[in-house]
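Letter by letter, the chains look like this.
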Amino acid sequence: MTSTIALKEVAYEQPLADSEGAVCSTKHAWARVPPEPSQAERAELKARICRLLKEKNAVMVSHYYVHPDLQDLAEETGGIVSDSLEMARFGRDHPAQTLVVSGVRFMGETAKILSPEKTVLMPDLDATCSLDLGCPVEEFSAFCDQHPDRAVVVYANTSAAVKARADWLVTSSCALEIVAALKAAGQKILWAPDRHLGAYIQRETGADMVFWNGACIVHDEFKALELELLKQEHPQAKVLVHPESPAEVVALADAVGSTSAILKAAREMDAAEFIVATDNGMMHKLRTLNPGKTFYEAPTAGNSATCKSCAHCPWMAMNGLADVARVLETGANAIQVDTALIPRARQPIDRMLAFTAALKSGQSTAGLVPHLGAA
Ligand code: SF4
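Residues numbered from 1 in each chain as written. Predicted model: local features only at pLDDT ≥ 70, side-chain atom pairs only at ≥ 80, totals over all residues. Heavy atoms only, no water.

By the naming in an unreviewed UniProt entry, the chain is Quinolinate synthase, taken from Paenacidovorax caeni. UniProt lists a comment for the chain under the heading Function (unreviewed entry), and it reads "Catalyzes the condensation of iminoaspartate with dihydroxyacetone phosphate to form quinolinate." (UniProt positions renumbered as here; feature names shortened; annotations may be inferred.)

I'm lost on the nonpolar core in this one. Help?
Among soluble globular proteins, nonpolar side chains are generally buried collectively. Core analysis: the biggest nonpolar cluster contains 119 residues, and Ile49, Met60, Val101, Phe140, Trp191 and Leu286 have the highest contact counts within it. The leading source of residues in this core is helix α17 (residues 342–360), at six residues. Setting aside residues up to four positions removed in sequence, Val101 forms contacts with Val61, Met87, Met107, Gly108, Ala111, Val120, Leu121, Met122, Pro123 and Asn319. (Core = buried A, V, L, I, M, F, W, Y, C linked by side-chain atoms within 4.5 Å. Buried < 20%, exposed > 50% of the residue type's maximum accessible area, 1.4 Å probe, protein only. Helix = DSSP H or I, 4+ residues; strand = E, 2+ residues; numbered from the N terminus. Contact = heavy atoms within 4.5 Å.)

Looking at this structure, I do not really get the pattern of salt bridges. What am I missing?
Side chains bearing opposite charge may pair, as long as their charged atoms lie close to each other. In this structure the tally under the stated criterion is 19 salt bridges. Measuring nitrogen to oxygen at the nearest pair gives 2.9 Å for the salt bridge that ties Arg42 to Glu36. Note on Arg42: relative accessible area 16%, which makes it buried. You can call Glu36 exposed: its relative accessible area is 53%. In this structure, a network of salt bridges that share partners links the residues Arg32, Asp124 and Asp126. (Salt bridge = Lys/Arg side-chain N within 4 Å of Asp/Glu carboxyl O.)

Explain the sheet that holds strand β2 (residues 58–63) to me, please; I cannot follow it from the model alone.
Sheets are built from strands that pair by backbone hydrogen bonding, the pairs being arranged parallel or antiparallel. Strand order in the open sheet formed by four strands is β3-β2-β4-β5, and the pairing between neighbours is parallel. Two strands in the sheet have a free side with no partner beyond their single neighbour: β3 (80–82) and β5 (119–121). For this sheet the average axis-to-axis angle between neighbouring strands, irrespective of direction, equals 25 degrees. (Pairing = 2+ DSSP bridges. Axes fitted to C-alpha atoms, helices over the stretch in contact; angles between N-to-C directions.)

Any chance you could explain the site of the ligand here in plain terms?
Close contacts around the ligand come from Tyr65, Val104, Cys129, Ser130, Leu131, Asn157, Cys216, Val218, Glu244, Cys313, Trp315 and Met316, and that covers them all. A majority-of-atoms criterion places the ligand in the largest cavity. Residue assignment for the shell around the ligand shows that the elements contributing at least two residues are α6 (130–133) and α15 (314–317). For the shell around the ligand, the per-class residue count stands at nine nonpolar, two polar and one charged. (Near = heavy atom within 4 Å. 1 Å grid on protein atoms, 1.4 Å probe; cavity = no way out; pocket = protein on both sides within 12 Å on 5 of 7 lines; lining within 4 Å. Sits in = over half its atoms within 2 Å of the grid points. Nonpolar A, V, L, I, M, F, W, Y, C, P; charged D, E, K, R; others polar.)

I tried to follow the layout of surface pockets on my own but got confused; where do I start?
By rolling a water-sized probe across the atoms, one finds the places where empty space is left. Volume-wise, the second largest pocket comes out at about 440 Å³. As for the second largest pocket, its lining consists of 17 residues, and the residues nearest its centre are Glu86, Arg89, Ser173, Thr356 and Lys360. Mapped onto the lining of the second largest pocket, the elements with two or more residues apiece are α4 (84–93) and α17. Broken down by element, the lining of the second largest pocket gets its largest block of residues, six residues, from α17. (Points joined across faces, edges and corners; volume = space filled by probe spheres on them.)

Just checking my understanding: could you explain the packing of aromatic side chains for this structure?
What characterises a pair of aromatic rings is the spacing of the ring centres plus the angle enclosed by the ring planes. Scanning the model with the defined rule gives four aromatic pairs in all. Plain terms: the ring middles of Phe140 and Trp212 are 5.7 Å apart, the flat faces sit at 80 degrees to each other, and that makes the pair edge-to-face. Remark: Trp212 occurs in the loop between β9 (209–211) and α11 (224–233) and Phe140 occurs in helix α7 (residues 137–146); sequence separation between them is 72 residues. Judged by its relative accessible area of 0%, Phe140 falls in the buried class. By relative accessible area, which is 0% here, Trp212 ends up buried. A ring pair is formed by Phe274 and Phe295, whose centres lie 5.4 Å apart and whose planes are at 15 degrees; its orientation type is stacked. On the criterion of sequence distance, the pair formed by Phe274 in strand β12 (residues 273–277) and Phe295 in strand β13 (residues 294–297) is long-range, its members being 21 residues apart. Classification of Phe274 by relative accessible area gives buried; the value is 0%. (Phe/Tyr/Trp six-rings, centres within 6.5 Å; stacked < 30°, edge-to-face > 60°.)

Just checking my understanding: could you explain the side chain of Glu273 for this structure?
You can see Glu273 is positioned in strand β12. In terms of polar contacts, Glu273 uses its side chain to reach the side chain of Tyr296, at 2.6 Å. If near-sequence neighbours (up to four positions away) are discounted, Glu273 is found in contact with His234, Gln236, Ala237, Lys238, Thr294 and Tyr296. (Polar contact = N/O pair within 3.5 Å; in protein donor to acceptor, adjacent residues only side chain to side chain.)

Any chance you could explain the packing of helix α5 (residues 105–114) against α17 here in plain terms?
Packed helices, taken two at a time, are described by their axes: the angle between them and the distance between them. Where α5 meets α17, the closest approach of the two axes is 9 Å, and the angle between their N-to-C directions is 95 degrees. Classed by the angle they form, the pair α5 and α17 counts as roughly perpendicular. Taking contact as the criterion, the partners of Thr110, Lys112, Ile113 and Leu114 in α5 are, on α17, Ile342, Ala345, Arg346, Ile349, Asp350 and Leu353. Residue classes in the contact of α5 with α17 are distributed as six nonpolar, one polar and three charged. (Parallel < 35°, antiparallel > 145°, perpendicular 65-115°, else oblique.)

Written out as structure tokens, the structure is:
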């Protein structure tokens, strides 16, 4: 059975107040994107951040979608550039007492859930995510209450409170395997919040799923018709698509997968040209790691284009060098997660980590996927 919940559309162009009264629309996010620093400013800020990281016993963890300066500096200073879960896992295992998370708010929260004893700083606490914004915990809990017979599987792009309502957390790199294992264990699934990723997982696994009606404003804008036209211009190019994209775009892909899977495909596929349907922040890593290959951005324009993002997340774009330096200097923008929530929010994350660790080491995952009710 497949069903969806009809939610009111989240109007990202209207000012939306978060729980602290801050405004979170894409327009406001774009207005707060820091200006490009000059060469001299960039060098000064990088030197200052390097000094502060040492002084404060801190490490930088950056997402693939943030500015190249923040990706490069994280790696140059012993930190990491990765997806949200690897960022949190790296921060947990690193000896530094302070983590500087360049990304969006749920990433800082996930890092804090895994490392509650550490200080987690973010360049801008209003950097959020349409999937997180579109899945408020009260409405989500009511949806879960309507489906008590289903395992609740949520994507990493959710608040700590939504994670605390879930049985399983997944990222795009392990969602297929976890849902397939749940299906094999006879479980039905309630999926949230990304409807495109959920539909893709259902097509691939045949699992019985009901869906929350959320979407990523970046991936939702890729256009199949325009992608076909770009393919005609570059007939040798392989198409790499993140599964948060609409089904018609996924259908045109030579490889579908998470940010890590896209990096792997670009490295391993026998092609010199690629069209990439994911946030264009990924281009920096793709081009750095594959200097002999050419990467084109998949189109977001077209008749129905609204271009809230134009293939780049406005909230990711809010992260900048000056704010990294400022939060390290002042200790501002520390992520807080209700301590009462942390143990429950950590359960679905720990389940996923145990599952992915077993997969990686070739062990059986059967004992890690109990029937609903025993979870
Ligand atoms: S790119 Fe999409 S999923 Fe990622 S943070 Fe931005 S809105 Fe959320």
